[in-house]
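# An overview of the molecular structure
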Amino acid sequence: MSGLSSSSCVVLVGGGVASAAAGAGLRVQGYDGRVVLVSDELHLPYERPPLSKEYLSGKFDVADFQTHPEGWYAENEIEVLLGTRVSSVDPVARRVTLSDGAALEYDALVLATGVRARALPGFTGDRVHSIRSITDTERLASRLTQSQHLAILGAGFIGCEVAAIAAAQGVRVTVFEPAPVPLARALGADFGRTMVDIHADHGVEIRSGHQVTSMTETDDGLLLHTADGETIACDELLVGVGSIPNTELAVAAGLRIDEATGGIATDEFGRTSDPRIYAIGDVASRLHPILGRAIRVEHHDTAQRHGANVAANILGHEEPFSDAPYFWSDQYDHSLKALGHAGPDATTVIRGSVEDRCFSVFSLEDGRVTAVATLDRPRDLMATRKLLGVPHQATAEQLADEGFDLKALLPQRPRTRPNGARQSGVCPSEACS
Ligand SMILES: Cc1cc2nc3c(=O)[nH]c(=O)nc-3n(C[C@H](O)[C@H](O)[C@H](O)COP(=O)(O)OP(=O)(O)OC[C@H]3O[C@@H](n4cnc5c(N)ncnc54)[C@H](O)[C@@H]3O)c2cc1C
């Protein structure tokens, strides 16, 4: 598509950050046609990370994490249909049907339908929770005030964040994780073990290698039954065992689905197998121009960047997307951050002190840093962000040596001081504080 006229219409499906960023991107980049954002939620588009952090703990109000204030949509002439589901897409007629029976014709359609929490068969009922929306968080928060014992299935990021908030509110928390070490697949075993210890210090028990297989409801709570024959009583249960991409609309419309990732397949510009339909955010399985394969990323930052990028591509700019995935998680007073995409053959190198719970795990491939995961070491992340974008050669010894300044790996450009003298661009290395 080589751009759109002012009489055209772009329909954005979804009430998340990707959809809102696409709307903003269209206006910022000068599109003056019609933009309609359709969301099946009752709230204006909002950011989901605070749902298991500041909103659950009561630190934030909803207005604190809306992507844009209410008046912004009218100012930017973005029509917002809340509580409305897109129930079908007709790619031939270029029309979507809405849950209220209305229809919208589009010149470009953006599917930003996100993912939903994976449900576990047999784990349902009033005391069983998942967190994906403001409503979910409000329900869990109201229960935590009376809860004596919260059990959590899955020690992923959401499970661990909720555990930290509940523990801070004086609730006993037990987390069941089938894997031998939690978070190891995403961040490595050192991270996983360190997080288990941090949680233990706050009274949260993470039972690694334990699987809850069924549950029974009693008059005053739940009984959880584990694979090794134990029965544990709790009064509320959070199921945090992953997510499922919302691809149903795309499947019914005949769009190609990437079987490897489960997402809607797109090219490097975000275009699906129908050139008028784009997919962005968590639901999109997007061809990565450097990796040469499609990846599906469930991170806030990527979803937001996809939004701005797809706006450019709808307007005919043909911009591939290769931004490194970036993720953060806050637990107690610790900050985990991860950046980049490590291949399966990457060598991992630790910088800092695992014992002191202040370290980074670098991924090194063919002498290049391709990813990093940091615990309370933001500067390692910043250094990596710079490295990912430029040619460089690094060794495991350099990365592990805290006396070695990572900035020295950057291509050295001569810099001039005001008095004309050159400086090296190297400054003292980061130390944990
Ligand atoms: C509790 C929680 C904590 C998180 N914490 C972090 C974090 O710390 N750091 C981080 O990087 N990421 C975090 N994430 C992930 C991050 O929030 C997601 O990557 C991001 O929300 C993806 O945005 P999206 O717009 O693609 O999808 P979503 O935010 O999932 O939005 C999809 C929207 O589409 C709507 N929708 C679906 N189908 C239809 C339809 N047919 N019609 C109309 N509307 C429809 C949905 O209701 C929803 O409004 C967290 C996620 C959750 C749930």
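First, a word on scope: everything that follows refers to the structure included in this document. Just so you know, these numbers come straight off a predicted model, no measurement behind them.

### Re the overall build of the chain
- Each helix and strand counted, the chain has 11 helices and 28 strands in total.
- Radius of gyration (C-alpha) of the chain: 23 Å, near the 22 Å computed for a compact globule of 433 residues.
- Taken over 433 residues, the chain has a buried fraction of 49%.
- For the chain, the share of sequence-separated contacts (at least 6 apart) that also reach a separation of at least 24 residues comes to 58%.
- Between the averaged position of the 38 positive side-chain charges in the chain and that of its 57 negative side-chain charges there is a distance of 5 Å.

### So, the site of the ligand
- Not every one of the 35 residues close to the ligand is listed here, only the nearest: D40, E41, R48, K53 and D282.
- With respect to the ligand, the side chain of D40 contributes an N or O atom lying 2.5 Å from an oxygen atom.
- In the model, an oxygen atom of the ligand is placed 2.8 Å from a nitrogen or oxygen of the W328 main chain.
- Sorting the residues of the shell around the ligand by element identifies α1 (17-28), α5 (157-168), α9 (300-314) and β22 (326-331) as the ones contributing at least two each.
- For the shell around the ligand, a count of residues per class yields 15 nonpolar, 11 polar and 9 charged.
- Split by domain, the residues of the shell around the ligand number at least three in each of domain 1 (9-116 + 244-314) and domain 2 (119-241).

### Focus on the sheet that holds strand β19 (residues 277-279)
- Strand order in the open sheet made by the 5 strands is β3-β2-β1-β7-β19, with parallel pairing throughout. Two strands in the sheet have a free side with no partner beyond their single neighbour: β3 (78-81) and β19. Direction aside, neighbouring strands of the sheet carry axes that sit 20° apart on average.
- Relative to β19, strand β7 (residues 108-111) runs parallel, the two sharing 3 bridges. By the bridge assignment for β19, L111 is matched with A279.

What counts as what
- Residues numbered from 1 in each chain as written.
- Predicted model: local features only at pLDDT ≥ 70, side-chain atom pairs only at ≥ 80, totals over all residues.
- Heavy atoms only, no water.
- Helix = DSSP H or I, 4+ residues; strand = E, 2+ residues; numbered from the N terminus.
- Rg over C-alpha atoms; globule rule 2.2 N^0.38 Å.
- Buried < 20%, exposed > 50% of the residue type's maximum accessible area, 1.4 Å probe, protein only.
- Contact = heavy atoms within 4.5 Å.
- Lys, Arg positive; Asp, Glu negative; His and termini not counted.
- Charge placed at Lys NZ, Arg CZ, Asp CG, Glu CD.
- Near = heavy atom within 4 Å.
- Polar contact = N/O pair within 3.5 Å; in protein donor to acceptor, adjacent residues only side chain to side chain.
- Nonpolar A, V, L, I, M, F, W, Y, C, P; charged D, E, K, R; others polar.
- Domains from an automatic or database assignment.
- Pairing = 2+ DSSP bridges.
- Axes fitted to C-alpha atoms, helices over the stretch in contact; angles between N-to-C directions.

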